[in-house]
Amino acid sequence: MKKHNFGAGPCILPQEVFKQAADAVIDFNGLSILEVSHRHKDYEAVMDEARNLVKQALNVPDDYEVLYLQGGATLGFTIAALNMMRDTKRAGYMNTGTWASGAIKEAKKAGIDVNVFASSEDKNFNYIPKDYTIPTDVDYIHFTSNNTIFGTQFKEFPKTDLPLVCDMSSDIFSQEINVADFDLIYAGAQKNLGPAGATLYIVKKSVLGKSTSTFMPSYMDLKIHAEKDSMFNTPPVFSVYVAMLNLRHLLANGGVKAMAARNKAKGDLLYNEIDSNPLFVGTTAVEDRSLMNVNFVLKDEAHKEAFDAAWKAAGIVGLNGHRSVGGYRASMYNALELESVQVLVDVMRDLANKHA
Ligand SMILES: *Cc1c(COP(=O)(O)O)cnc(C)c1O
């Protein structure tokens with residue numbers, strides 16, 4: 001039976017990409033992609049293409065570097081703080097959920113005096129703050145574009161003349177963005193880009209080498225990675241390869257613009273059902289609803305057993321909410337088909353018809 005994977009990450013990729021990745025495990029120009037030297041010219045071509053396709057997909061301006069590192073977005077919290085630190089050693093952070101909180105915690109550990117100038121913690125992160133004043137006496141501003149766990153998403157990015165840094169792990173490549181608005185974007189691969197293992201950095205060249213941090217391990221220094229064309233040490237070879245395949249697939253299918261329309265259609269389908277179905281209710285502010293992670297609950301827990309059995313029987317996996325939130329979370333990353341969302345909607349409607 002076809003599985004419909006609504007898991008929050010690692011997540012599904014296009015079937016075609018899985019097949020091509022599997023082929024390369026057996027035969028990548030005579031070797032397995034898993035055993036080929038990362039210094040071989042065939043692999044250098046992979047890294048080059050994987051970096052160039054990001055530039056194409058997001059219209060990255062020439063004065064930016066695209067890099068693949070390891071460590072996930074979690075290490076990105078520290079790398080961002082260390083590379084963006086300047087004279088004031090202060091930064092403004094928006095706290096819109098668990099990952100944003102993690103970024104704040106790690107920035108403090110890296111020696112940043114963090115000013116949390118906006119937060120939605122008062123309502124368990126179910127909205128995106130709108131009334132706030134961006135500080136001016138700081139080195140940079142940091143926010144998290146999509147709140148993967150609670151299901152909110154910025155529809156408009158904060159506007160500032162200060163360097164802007166964004167953790168885009170869970171919505172990069174899902175919509176068009178203007179890279180020039182940012183000094184640094186980072187994202188773990190395993191939501192919209194590829195398998196876990198690689199972390200994408202898009203960094204303005206003028207940022208590199210300007211840190212005032214006294215502690216800067218070579219691996220954390222984006223300048224070193226840029227100078228070495230993302231080959232400072234052994235890169236996450238397979239993860240970058242599959243990211244490259246996925247980006248080829250994305251560009252061959254209309255790029256992020258087409259993806260945004262597709263994601264909007266999936267979001268409309270599921271949110272309309274949540275709003276019209278008498279058994280369910282959404283948990284996030286309507287205007288801030290994420291198109292990537294849709295959180296909802298049953299109004300009456302008495303239907304839980306029947307609902308859980310029904311979606312499992314329909315081949316749906318990964319629908320349980322994050323352990324810190326409960327309820328349900330339908331993660332609908334790029335590769336999830338509209339057809340899979342329709343299967344979920346049918347299960348919800350069926351349940352309502354039976355219990356009306
Ligand atoms: C998943 C996620 C992370 C954590 O990523 P890792 O690659 O596991 O370190 C950080 N930020 C956001 C927004 C995420 O969705």
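Residues numbered from 1 in each chain as written. Predicted model: local features only at pLDDT ≥ 70, side-chain atom pairs only at ≥ 80, totals over all residues. Heavy atoms only, no water.

1. Details of the site of the ligand
Phase 1: In the vicinity of the ligand there are 13 residues, among which Thr 74, Thr 148, Asp 167, Gln 190 and Lys 191 approach most closely.
Phase 2: Contact distances for the ligand include 2.9 Å between an oxygen atom and a side-chain N or O atom of Gln 190.
Phase 3: Lys 191 is positioned such that a nitrogen or oxygen atom in its side chain is 2.8 Å from an oxygen atom of the ligand.
Phase 4: Against a free-state accessible area of 390 Å², the protein chains account for coverage of 87% of the ligand.
Phase 5: Sorting elements by how many residues they give to the shell around the ligand places helix α3 (residues 72-84) first, with four residues.
Phase 6: Here the residues of the shell around the ligand are counted per class, giving three nonpolar, eight polar and two charged. (Near = heavy atom within 4 Å. Polar contact = N/O pair within 3.5 Å; in protein donor to acceptor, adjacent residues only side chain to side chain. Areas by Shrake-Rupley, 256 points an atom, 1.4 Å probe, with all protein chains shown as cover. Helix = DSSP H or I, 4+ residues; strand = E, 2+ residues; numbered from the N terminus. Nonpolar A, V, L, I, M, F, W, Y, C, P; charged D, E, K, R; others polar.)

2. Things to note about the sheet that holds strand β8 (residues 164-167)
Strand pairing in a sheet relies on backbone hydrogen bonds. The paired strands run either parallel or antiparallel.
Phase 1: As summarised here, the arrangement of the seven strands in space is β2-β10-β9-β8-β5-β3-β4, forming an open sheet in which the pairing is mixed. The open sheet is flanked by β2 (64-69) and β4 (113-119), the only strands paired with a single partner. The sheet shows a mean angle of 20 degrees between the axes of neighbouring strands, taken without regard to direction.
Phase 2: Looking at chain direction, strand β3 (residues 90-95) and strand β5 (residues 140-144) are connected through three bridges and run parallel. Counterpart to Gly 92 in the pairing with β5 is Ile 141.
Phase 3: Where α3 meets the sheet, its contacts fall on β2, β3, β5, β8, β9 (184-188) and β10 (199-204), and the angle it forms with β9 comes to roughly 165 degrees. (Pairing = 2+ DSSP bridges. Axes fitted to C-alpha atoms, helices over the stretch in contact; angles between N-to-C directions. Contact = heavy atoms within 4.5 Å.)

3. A word on the packing of helix α1 (residues 15-26) against helix α6 (residues 237-252)
Phase 1: Put simply, α1 and α6 touch, their axes get as near as 10 Å, and they point 140 degrees apart. It follows that α1 is oblique to α6 by the angle criterion. Judged by the twist between their axes, the crossing of α1 over α6 is right-handed. Across the interface between the two elements, Glu 16, Val 17, Gln 20, Ala 21, Ala 24 and Val 25 of α1 pack against Phe 238, Tyr 241, Val 242, Leu 245, Asn 246 and His 249 of α6.
Phase 2: Of the residues contributing to the contact of α1 with α6, the split by class is eight nonpolar, three polar and one charged. (Parallel < 35°, antiparallel > 145°, perpendicular 65-115°, else oblique. Left-handed = near helix turned anticlockwise from the far one by under 90°.)

4. Comments concerning the pairing of β10
Phase 1: Within β10, five of the six residues are buried, which leaves the element mostly enclosed by the surrounding structure.
Phase 2: Relative to β10, β9 is paired through five bridges, and the arrangement is antiparallel. Bridge assignment links Ile 185 to a residue of β10, and that residue is Ile 202. (Buried < 20%, exposed > 50% of the residue type's maximum accessible area, 1.4 Å probe, protein only.)

5. What to know about the packing of helix α7 (residues 255-276) against helix α9 (residues 338-355)
Phase 1: Where α7 meets α9, the closest approach of the two axes is 9 Å, and the angle between their N-to-C directions is 5 degrees. By the angle class used here, α7 and α9 are roughly parallel. Along the contact surface, α7 presents Ala 265, Lys 266, Leu 269, Leu 270, Glu 273 and Ile 274, while α9 presents Leu 338, Val 341, Gln 342, Leu 344, Val 345, Met 348 and Arg 349.
Phase 2: Grouping the constituent residues of the contact of α7 with α9 by class yields nine nonpolar, one polar and three charged.

6. A short note on the packing of aromatic side chains
Phase 1: Tallying each qualifying case throughout the model produces 14 aromatic pairs.
Phase 2: Seen from their ring centres, Phe 143 and Phe 154 are 4.9 Å apart, and the 65 degrees between their planes marks the pair as edge-to-face. Of the two residues, Phe 143 is situated in strand β5 and Phe 154 in the loop between β7 (152-153) and β8; the sequence distance between them amounts to 11 residues.
Phase 3: The buried category is assigned to Phe 143, whose relative accessible area is 0%.
Phase 4: With a centroid separation of 4.9 Å and 85 degrees between ring planes, the pair formed by Phe 307 and Tyr 328 is classed as edge-to-face. In this pair, Phe 307 sits in helix α8 (residues 304-313) while Tyr 328 sits in strand β14 (residues 328-331), placing the two residues 21 residues apart along the sequence.
Phase 5: In this structure an aromatic cluster arises from ring pairing among Phe 143, Phe 154, Phe 157 and Phe 182.
Phase 6: Over the aromatic face of Tyr 127 sits the side chain of Lys 123, whose NZ or CZ is 5.6 Å from the ring centroid.
Phase 7: Directly above the ring of Trp 311 sits Lys 312, whose terminal nitrogen or CZ lies 5.2 Å from the centroid. (Phe/Tyr/Trp six-rings, centres within 6.5 Å; stacked < 30°, edge-to-face > 60°. Lys NZ or Arg CZ within 6 Å of the ring centre and 35° of its normal.)

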